[in-house]
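Inside the fold
For reference, the chains in residue letters:
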Amino acid sequence: MSDYVILTDSSCDLPAGLAAEKGIEYVPLTVRMDGKEYRNELDWREIEPHEFYERLRAGAKVQTSAPTVQEFYERITEACEQGKDVLYLGFSSALSGAYQAGHQAMEMAREKYPERKLLDVDTLSASLGQGLLVMLTQQRKEAGATIEQAAEYAENNRLRLCHWFTMPDLDHLRRGGRVSATSAVLGTMLNIRPVMHMNNRGELEYVSKARGSRAVYQRFIDRVRQTADHPEEQMMFISHGDDEQEAFRLRDMVQQTFDVKTFVIGPVGPVIGAHSGPGTIAFFFLGNER
């Protein structure tokens, strides 16, 4: 069986230590804040999480950009030169140009290395939802799956990756056209929080609203109950926009309900966080549907 690398991009938001331990490689996206560029490295080496979110709270101007085709190509050809095949699992094409850049780089590499197997899958996922699919696919690799089998697993299960999230500042939704300016102001004053998810097209979608974070988390738990098989056996992921205490609160509520054995908790990376904002809490698990 040929050796292969699972490659992703840094919007997966996996903890750097976990990615390194599992041999998962990535190409970083970039965030520009107040005129200075920072690479979205998984270990946050170029900007520390709290500093990033504090600057967002202070009104910093932020732009994000996907990796270039050349950046992907260099990483892919490096693996090919080592005699390895590559499976790229990319950030939702509905939200970023990262997947398309990775796909184009794969096409270029196939011409130069026709003997290598170079496969790519649009995960239609983001943040630790993308990270969870990467990890589950990596588990298949560790269990002996061929690169074709691993790619098929990712393709067949990407729409089972449930993304549920909320944030305290409805102004981010106002900017995206999800709620009116009046609703954003009143909602924030009344502690109304949106309940959102990732739909089957890989787009962010407003679902409902609830008063207070506990009510939102209960909605998340209800969704697990409705869609997840054997949740206690799952690996569930939680990401947060500089609010670890709330992430732990959600973890505890889920743990008390389902006795889940494994959680991974980490900050929302700067590229995703630039759009979701401070205080975001996101919850990811495997269900029968999104």
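Below, the structure is looked at part by part. Just so it is clear, the model here is predicted, and its values are computed rather than measured.

What counts and how
- Residues numbered from 1 in each chain as written.
- Predicted model: local features only at pLDDT ≥ 70, side-chain atom pairs only at ≥ 80, totals over all residues.
- Heavy atoms only, no water.
- 1 Å grid on protein atoms, 1.4 Å probe; cavity = no way out; pocket = protein on both sides within 12 Å on 5 of 7 lines; lining within 4 Å.
- Points joined across faces, edges and corners; volume = space filled by probe spheres on them.
- Helix = DSSP H or I, 4+ residues; strand = E, 2+ residues; numbered from the N terminus.
- Nonpolar A, V, L, I, M, F, W, Y, C, P; charged D, E, K, R; others polar.
- Polar contact = N/O pair within 3.5 Å; in protein donor to acceptor, adjacent residues only side chain to side chain.
- Contact = heavy atoms within 4.5 Å.
- Expected span 1.5 Å × (residues − 1).
- Buried < 20%, exposed > 50% of the residue type's maximum accessible area, 1.4 Å probe, protein only.
- Core = buried A, V, L, I, M, F, W, Y, C linked by side-chain atoms within 4.5 Å.

Here we come to the layout of surface pockets. Counted as a void, the second largest pocket has a volume near 190 Å³. Lining the second largest pocket, in full, are L132, L136, Q139, R140, Y153, R160, D229, H230, E233, Q234, M235 and L286. It is helix α5 (residues 127-142) that contributes the most residues to the lining of the second largest pocket, four residues altogether. Looking at the lining of the second largest pocket, its residues break down into five nonpolar, three polar and four charged.

The next point concerns the side chain of S96. Take S96: it is sitting in the loop between β6 (85-90) and α4 (98-112). A distance of 3.0 Å separates the side chain of S96 from the backbone nitrogen of A98, its partner in a polar contact. Residues in contact with S96, not counting those within four places in the same chain, are L29, A66 and F91.

Attention now moves to α5. Spanning 16 residues, α5 covers 23 Å between terminal C-alpha atoms, matching the ideal 22 Å at 1.5 Å per step. Counting buried residues in α5 gives 12 out of 16 residues, a clear majority hidden from the surface. Of all the residues in α5, the buried ones are S127, L128, G129, Q130, G131, L132, L133, V134, M135, L136, T137 and Q138. Looking one or two residues beyond α5, the residue adopting positive phi is G144, at roughly 105 degrees.

With that settled, the discussion passes to the nonpolar core. Grouped together as the largest cluster of nonpolar side chains are 35 residues, with contacts concentrated most on M33, F52, F72, I76, V86, Y88 and L118. Elements with a contribution of two residues or more to this core: β1 (4-9), β3 (30-33), α2 (49-57), α3 (69-81), β6, α4 and α11 (270-276). By residue number, the principal contributor to this core is α4, which donates six residues. Not counting the four nearest positions on each side in its chain, Y88 is found in contact with L7, T8, D9, F72, A98, Y99, G102, H103, M106, L119, D120 and V121. Grouped together as the second largest cluster of nonpolar side chains are 34 residues, Y26, L89, F237 and V264 included.

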